[in-house]
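Fold and geometry: a report
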There are 2 protein chains.
Amino acid sequence: MASAPSPRTTVKRLPKRGVYDAPAIAAILDEALACHVGFVVEGQPYVIPTIHGRSGDRLYLHGSAASRMLRALSGGIPACVTATLIDGLVMARSAFHHSMNYRSAVVLGTATLVEDPDEKMEALRVIVEHVSPGRWAEVRWPTPKELLATSVLGMSLEEASAKVRTGPPIDDAEDMDFACWAGVLPLGITAGAPIPDAACRPGFNPPEFRRPR
Amino acid sequence: MASAPSPRTTVKRLPKRGVYDAPAIAAILDEALACHVGFVVEGQPYVIPTIHGRSGDRLYLHGSAASRMLRALSGGIPACVTATLIDGLVMARSAFHHSMNYRSAVVLGTATLVEDPDEKMEALRVIVEHVSPGRWAEVRWPTPKELLATSVLGMSLEEASAKVRTGPPIDDAEDMDFACWAGVLPLGITAGAPIPDAACRPGFNPPEFRRPR
């Protein structure tokens, strides 16, 4: 993985928020449940949410073999995959200094179709385990027919960067006595009570909602 | 706002998930804390998270006047703004039928710089209120100097669509007796205890975390 930014991934605005070390970028990709994929068709950019998975320095995407996004990307066009975690609302004294605490990772590159059946099955395992660690061992695995109906794309994490904001609001000195609350409202994703489907067999525990931290 | 999809916003894959009515699209944009903006520079798509706000059929984005994204978009290039809410993990019996319950809105168009000072101030109010309803009335409003340092972009919601998945997993008939839990893990964003900053004045309540539903 990249240890230095490329000219295209260097964080230009607020450069102190730029993060380029591979483990930090991987951690953001792993914690984010989904990502947004950008690609261009006839000059128009499209940004589509999708589920991803990561294994080492490879990012995997998947979808129906009939999907417009998968077909476009597998043609080898430039892509951008961005994963964002919102950690809190930053409530400053001035409207101007309001912000969010967040961590986002941006991966640039070209996706390629994973055609090797073993790598394809492994990528699907990585994607399922990404969302729900331990789930792969519990479920019925893909059949050859399902594998044919699924496209898997792989992308290198070579050209990637992250941007991170943490901490309290930073107000101007002359606003420090302004009469309002100031601080951070921490935010996170939490799970509600699991909803078994109507035909769920008794005797099995629902998967826990777990993220790598 | 659009009442029928354009050829570019028609949901091609799983068309039953396509949603085109303007109030439903607006509701997704309003509930999402942030969006992802796609734009193209020198053939490379970029996808950048940012905070938005909506007023009627106008979507507003903002940022530093020095921001690369704001400068690129204000040149009138094609853009795509996507906002996604993840509502749950869909746990099927087969790996193949795992999914997420989600609502996503995709807006295509061209952003234009908001130069009228009144509309610019109103757009910033809309963005602050989008994230934290009621906050605008509590904080110190932008000065002329801050307005100059901030770029605001407006975008029409004319060409927009949404995609929504709800409900339980849909497994194949032959998998219904497979020995695992099946159902939905509902997910949502929740706030932790507010963290006042070190100089926060006493006597003020922190804003509640509230979303339109």
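A short tour of the structure in this document, coming up. (Residues numbered from 1 in each chain as written. Chains lettered and ligands numbered in written order. Predicted model: local features only at pLDDT ≥ 70, side-chain atom pairs only at ≥ 80, totals over all residues. Heavy atoms only, no water.)

Time to look at the interface of chain A and chain B. Every contact between the two is made by 87 residues of chain A and, on the other side, 87 residues of chain B. Both sides of the chain A and chain B interface together cover about 7300 Å² of buried area, and 65% of this is carbon and sulfur. Summed over the shared surface of chain A and chain B, the result is six salt bridges. For the pair chain A and chain B, the number of links is 36 residue pairs in polar contact (both at pLDDT 80 or more). If you list the elements that add at least two residues to the side of chain A that touches chain B, you get strand 2 (35–41), strand 3 (44–50), strand 6 (78–91), strand 7 (99–110), helix 3 (117–131), helix 4 (144–149), strand 11 (183–191) and strand 12 (195–196) of chain A. Sorting elements by how many residues they give to the side of chain A that touches chain B places strand 11 of chain A first, with nine residues. Split by residue class, the side of chain A that touches chain B holds 53 nonpolar, 19 polar and 15 charged. Note that strand 11 of chain A and strand 11 (residues 183–191) of chain B share five bridges and pair antiparallel. Counted as the bridge partner of A:I189 is B:I189 from strand 11 of chain B. (Contact = heavy atoms within 4.5 Å. Buried area = accessible area lost by both parts, 1.4 Å probe. Salt bridge = Lys/Arg side-chain N within 4 Å of Asp/Glu carboxyl O. Polar contact = N/O pair within 3.5 Å; in protein donor to acceptor, adjacent residues only side chain to side chain. Helix = DSSP H or I, 4+ residues; strand = E, 2+ residues; numbered from the N terminus. Nonpolar A, V, L, I, M, F, W, Y, C, P; charged D, E, K, R; others polar. Pairing = 2+ DSSP bridges.)

Moving on: unusual backbone geometry. Residue A:E42 is not a glycine yet carries a positive backbone phi of 50°. Tracing the sequence through the fold places A:E42 in the loop between strand 2 and strand 3.

A few words on the pattern of salt bridges. On inspection of all chains with the given rule, the structure shows 24 salt bridges over all chains. Of the charged contacts in the structure, one is a salt bridge between A:E31 and A:R103, with a shortest N-O distance of 3.0 Å. Of this pair, A:E31 sits in helix 1 (residues 22–31) while A:R103 sits in strand 7, and the two are 72 residues apart along the sequence. The partner of B:R93 in a salt bridge is B:D171, with the nearest N and O atoms 2.9 Å apart. Taken together, the positions of B:R93 in the loop between strand 6 (78–91) and strand 7 (99–110) and B:D171 in the loop between strand 10 (159–165) and strand 11 put the pair 78 residues apart, joining distant regions of the chain. Assessed through its relative accessible area of 1%, B:R93 is described here as buried. A single network of salt bridges, built from pairs that share partners, joins A:R140, A:E146, B:D172 and B:D175. (Buried < 20%, exposed > 50% of the residue type's maximum accessible area, 1.4 Å probe, protein only.)

What follows is about the packing of aromatic side chains. We describe a pair of aromatic rings using the distance from one ring centre to the other and the angle between the two ring planes. Counting across every chain of the model gives four aromatic pairs over all chains. Seen in terms of ring centroids, A:W136 and A:W141 are 5.5 Å apart; in terms of plane orientation they differ by 20°. Their pairing is stacked. Judged by relative accessible area, A:W141 falls into the partly exposed class, the value being 46%. Between B:F39 and B:Y46, the ring centres sit 5.9 Å apart and the planes meet at 25°, which makes this aromatic pair stacked. Each member of the pair, B:F39 as well as B:Y46, is classed as buried. Across from the ring centre of A:Y46, 5.5 Å away, lies the NZ or CZ of A:R68, which sits over that ring. (Phe/Tyr/Trp six-rings, centres within 6.5 Å; stacked < 30°, edge-to-face > 60°. Lys NZ or Arg CZ within 6 Å of the ring centre and 35° of its normal.)

This paragraph deals with the relation of the copies chain A and chain B. Each of the two chain copies can be brought onto the other by rotation about an axis and movement along it. In screw terms, the move from chain A to chain B is a rotation of 180° and a rise of 0.0 Å along the axis, fitting with an RMSD of 0.0 Å. Such a combination of turn and shift is consistent with a two-fold rotation axis. The C-alpha atom lying nearest the rotation axis in chain A is that of A:I189; the distance is 2.3 Å. When the interface residues of chain A are mapped onto chain B, 100% of them again lie at the interface, so the same face is used by both copies. (Least-squares fit on C-alpha atoms with pLDDT ≥ 70 in both.)

Attention shifts here to the side chain of B:S67. All names here are of chain B. Considering the arrangement of structural elements, one finds S67 in the loop between strand 5 (58–64) and helix 2 (68–74). Judged by relative accessible area, S67 falls into the buried class, the value being 8%. Separated by 3.0 Å, the side chain of S67 and the backbone nitrogen of L70 make a polar contact.

Here we take up the sheet that holds strand 8 (residues 112–113) of chain B. Residues and elements named next belong to chain B. Strand order across the open sheet formed by four strands is 4-5-9-8, with antiparallel pairing between neighbours. Of all strands in the sheet, those bounded by a partner on one side alone are strand 4 (52–55) and strand 8. For strand 8 and strand 9 (residues 150–156), the ladder comprises two bridges, and the chain directions are antiparallel. Following the sheet pairing, T112 is matched in strand 9 by G154. Its contacts with the sheet put helix 3 (residues 117–131) on strand 4, strand 5 and strand 9, and the angle it makes with strand 5 is roughly 95°. (Axes fitted to C-alpha atoms, helices over the stretch in contact; angles between N-to-C directions.)

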